[in-house]
Amino acid sequence: MPGSEWGTATEQRFNVNLSILFTELPLLERPAAAAAAGFTAVELWWPWVDSPTPERSELDALKKAIEDAGVQLTGLNFYAGQLPGPDRGALSIPGTESERFRANIDVAADFARSLGCKALNALYGNRVEGVEAAAQDALALENLVLAARAADRIGAILLIETLNQTESPLYPLVSAPAGVAVVDRVNEATGLGNARFLMDLYHLSMNGEDLPSVIERYAAKTGHVQIADNPGRGAPGTGTLPLEDLLGRLRKAGYEGWVGLEYKPGDRPSAAAFDWLPAEARAAR
């Protein structure tokens, strides 16, 4: 996929996910590395996998690193357990994990507000053996309502993400309709209308979904898009997904939000994993 084609065809605003790219660097060095690669916007999974409520000094240090780098934080996950790792969220898991998610809600929202971040992603969580799915779904709705209200308090949207069944076999939201159904339930419960679908084209392609159809049906309910090529979850051009075409379809369908680069750099430094995207297309416009 030659970079020049992307240069003429893309009008998207890209951000770099610093929880999957630049991970060869310490967390506090990653915002500056993204800026050095030409990007002006970044997103993050919850960086403190062991703590939904880290020390103020840790929060302040990350805030300073982002501000000093001159990049905008455009997306942040709520606490999601061990991610990367075995977990896929905490909010539908009874007991300690649900409590940790709730303890994190205002911490994450306040951190996002301090940096002008307008999107918070709430990963649903895996199914738990011995717990009825209906009970998990009821708990999930309670916690998502709390998260939606916290997001609304800071003028942000709440994102709900579909993953893929191959890599996340215990995660119940493994189709676009399943994710959008939860979005609709949350909006109905809160009346706020600020829950949106996180359309990850890699996960949806892994599920074998008809991506042009998904875009046509759900672009209006989508608050964020993430991309990686398939197979391999690498940079665009390393697999067979027609990502440039798909982003063009999203644009034509009215999507004007961020496109998060959430792919693995492969066996090279992260800074070398953006050759598909011309330098002039990396800064948000």
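Residues numbered from 1 in each chain as written. Predicted model: local features only at pLDDT ≥ 70, side-chain atom pairs only at ≥ 80, totals over all residues. Heavy atoms only, no water.

Asker: I tried to follow the pattern of salt bridges on my own but got confused; where do I start?
Answerer: Close approach of charged atoms allows side chains of opposite charge to pair. A complete count under the given rule lists 13 salt bridges for this structure. Two residues, Glu262 and Arg233, come together in a salt bridge whose shortest N-O distance is 2.9 Å. Remark: Arg233 occurs in the loop between strand 7 (222–227) and helix 9 (243–252) and Glu262 occurs in the segment after strand 8 (258–261); sequence separation between them is 29 residues. Both residues of the pair, Glu262 and Arg233, belong to the buried class. Residue Asp275 pairs with Arg268 through a salt bridge whose shortest N-O separation is 3.7 Å. Linked by salt bridges that have partners in common, Asp106, Asp110, Arg113 and Arg153 make up one network. (Salt bridge = Lys/Arg side-chain N within 4 Å of Asp/Glu carboxyl O. Helix = DSSP H or I, 4+ residues; strand = E, 2+ residues; numbered from the N terminus. Buried < 20%, exposed > 50% of the residue type's maximum accessible area, 1.4 Å probe, protein only.)

Asker: Hey, could you run me through the confidence of the model for the chain in this one?
Answerer: As a general rule, the predicted coordinates of low-pLDDT regions are not to be interpreted in detail. When the pLDDT values of the chain are averaged, the result is 96; 96% of them are 70 or greater. Considering each helix and strand of the chain separately, the mean pLDDT is smallest for helix 1 (residues 3–9), with a value of 51, and largest for strand 5 (residues 157–161), with 99. (pLDDT = per-residue confidence, 0-100.)

Asker: Hey, could you run me through the pairing of strand 6 (residues 195–200) in this one?
Answerer: Across a regular strand the side chains alternate sides, sitting on one face of the sheet and then on the other. A large share of strand 6 lies buried, amounting to five of its six residues. As defined by bridge partners, strand 5 adjoins strand 6 across four bridges and the pair is classed as parallel. Bridging across to strand 6, Ile160 finds its partner in Phe197. The parallel pair strand 5 and strand 6 is bridged by helix 6 (residues 176–190), and the resulting crossover is right-handed. (Pairing = 2+ DSSP bridges. Right-handed = clockwise from strand over helix to strand, strands pointing away.)

Asker: How should the packing of aromatic side chains be read in this particular structure?
Answerer: According to the stated counting rule, one finds nine aromatic pairs in the structure shown. Ring geometry for Trp48 and Phe111: centres 6.4 Å apart, planes at 85°, overall edge-to-face. You can see Trp48 sitting in the loop between strand 2 (41–44) and helix 3 (56–69) and its partner Phe111 sitting in helix 4 (residues 96–114), a full 63 residues away along the chain. Phe111 matches Trp48 in its accessibility class, with the two residues each being buried. The ring of Trp258 has Arg13 lying over it, and the distance from NZ or CZ to the ring centre is 4.3 Å. (Phe/Tyr/Trp six-rings, centres within 6.5 Å; stacked < 30°, edge-to-face > 60°. Lys NZ or Arg CZ within 6 Å of the ring centre and 35° of its normal.)

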